[in-house]
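# Coordinates in review
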Amino acid sequence: MIVIDAMLIGYRLVNLLSLVERKGKVHSVFSRVVNIEGLADNIVTIGVDSLHLPMHAYMIRLNTSDASIFTNAGLSVRDVVVVNGQSININNRLLIKLNKAKIWAPDLSIANTASIKLIRDLVSELLSLVELYASDKGFTSLLKMLDMDNVFNLNKNVNLPGISSKAYSVILGLVESIAQGSRKDMCRHVCSLIGLGEGTTPSGDDFLSGLLVTFQWINRAIGLSPKLRKSIEYMIECITRCWDKTTPISRQMLSRAIIGELNNFTHGLLKGILQGDPANALLGLEKVSKIGGTSGKDTLLGILLAFILFFKYGLENNNTPNATIVTM
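Residues numbered from 1 in each chain as written. Predicted model: local features only at pLDDT ≥ 70, side-chain atom pairs only at ≥ 80, totals over all residues. Heavy atoms only, no water.

### Focus: unusual backbone geometry
We note that Arg78 has phi near 80°; this positive angle belongs to a residue other than glycine. Within the element layout of this structure, Arg78 appears in the loop between α1 (69-72) and β6 (80-83). For Asn112, which is not glycine, the phi torsion reads 55° and is therefore positive. As for its position among the elements, Asn112 is in the loop between β9 (102-104) and α2 (116-130). (Helix = DSSP H or I, 4+ residues; strand = E, 2+ residues; numbered from the N terminus.)

Here is the structure:
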């Protein structure tokens, strides 16, 4: 059996990793990550430190440089997982000791929020760079079309391969619903995006997570207009109605995004933008873009679109600074 120490534990895992023995099973296995389920209906992600994986609320980070530890241990889907508060035993092949691990909690503070003009200028700069991350996979072709003044630049001759074409029409409808505060149409568009795409977190879910977490951060730092805030409340309602369409991991991700949490790379990017710090914003952009296959890039699309919509619709009659979005 391979025995290894955990280095960091996401703060929301403390109650799950109690002294009471719990049993689960392996949900999915990758060379650098293993996901386990069955612990109070939550998915726990375990990843190696050497690949600088983003940290989130349900992650355990291991102190190892072996980037293939999970496949080397012969782990497979449905392997039995036993957790007793001190360790995680996966099918008697891999034992993860937890007693030396530190608790990780996300830093959601935003000190010294920059002026609206500085934030807008920084977002414009990021838009000019983000085209470099566009590809033929996921929704990322749409990164080329983002436009600060028009949401999407319709004059750009951009090829929209694969699901990007379908996503584009749905996102256009979602933007209109957000602008008008249309509850009925909102759910139709949101439900069309949830589960759209491939992988453990489909592109539509990554996009919505980026959109939601950004609106929450903007609302805490600056405040959203009442109309836009109400639209976000509608969006949250719609997501909780139809998130059974997607994977367990995506549902968990969306549940965190709804309250303004995602992962440390995304938090760093948002903090860099809202504090008007170009160096940290650019570093965050690069780190987020490298998450997963297209997950990070699809998340970037949601993040930047949220800022565009804020500048277009979120400042109108804004008399509620630092308001709190009501979550469902």
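### Focus on helix α6 (residues 226-242)
Over its 17 residues, α6 extends 25 Å from the first C-alpha to the last, a length consistent with the 24 Å expected when each residue adds 1.5 Å. Among the 17 residues that make up α6, 12 are buried, leaving the element largely enclosed by the rest of the structure. The inward-facing, buried residues of α6 abut α3 (164-180), α4 (183-193), α5 (203-221), α7 (248-258) and α10 (295-314). (Expected span 1.5 Å × (residues − 1). Buried < 20%, exposed > 50% of the residue type's maximum accessible area, 1.4 Å probe, protein only. Contact = heavy atoms within 4.5 Å.)

### Digging into the packing of aromatic side chains
One pass over the structure, following the stated rule, counts three aromatic pairs. Ring geometry for Phe139 and Phe207: centres 6.3 Å apart, planes at 55°, overall tilted. Note that Phe139 is positioned in the loop between α2 and β10 (146-147) and Phe207 in helix α5, a separation of 68 residues in sequence. Across the pair, Phe207 and Phe139 agree in class, each one buried. For the ring pair Phe152 and Tyr168, a centre distance of 5.4 Å and an interplane angle of 90° mean the geometry is edge-to-face. Remark: Tyr168 occurs in helix α3 and Phe152 occurs in strand β11 (residues 151-152); sequence separation between them is 16 residues. The pair Phe152 / Tyr168 is uniform in exposure class, with both members buried. The ring of Trp217 carries the charged tip of Arg220 above its face, separated from the ring centre by 4.8 Å. (Phe/Tyr/Trp six-rings, centres within 6.5 Å; stacked < 30°, edge-to-face > 60°. Lys NZ or Arg CZ within 6 Å of the ring centre and 35° of its normal.)

### Section: the nonpolar core
With 77 residues, the main nonpolar core has Leu142, Ile171, Leu174, Phe207, Met235 and Phe307 as its most contacted residues. The element contributing the most residues to this core is α10, with 11 residues. For Met235, the residues in contact, after removing those within four places along its chain, are Leu174, Ile178, Met186, Val190, Leu211 and Leu212. Grouped together as the second largest cluster of nonpolar side chains are 29 residues, Val26, Ile69, Ala73 and Leu98 included. (Core = buried A, V, L, I, M, F, W, Y, C linked by side-chain atoms within 4.5 Å.)

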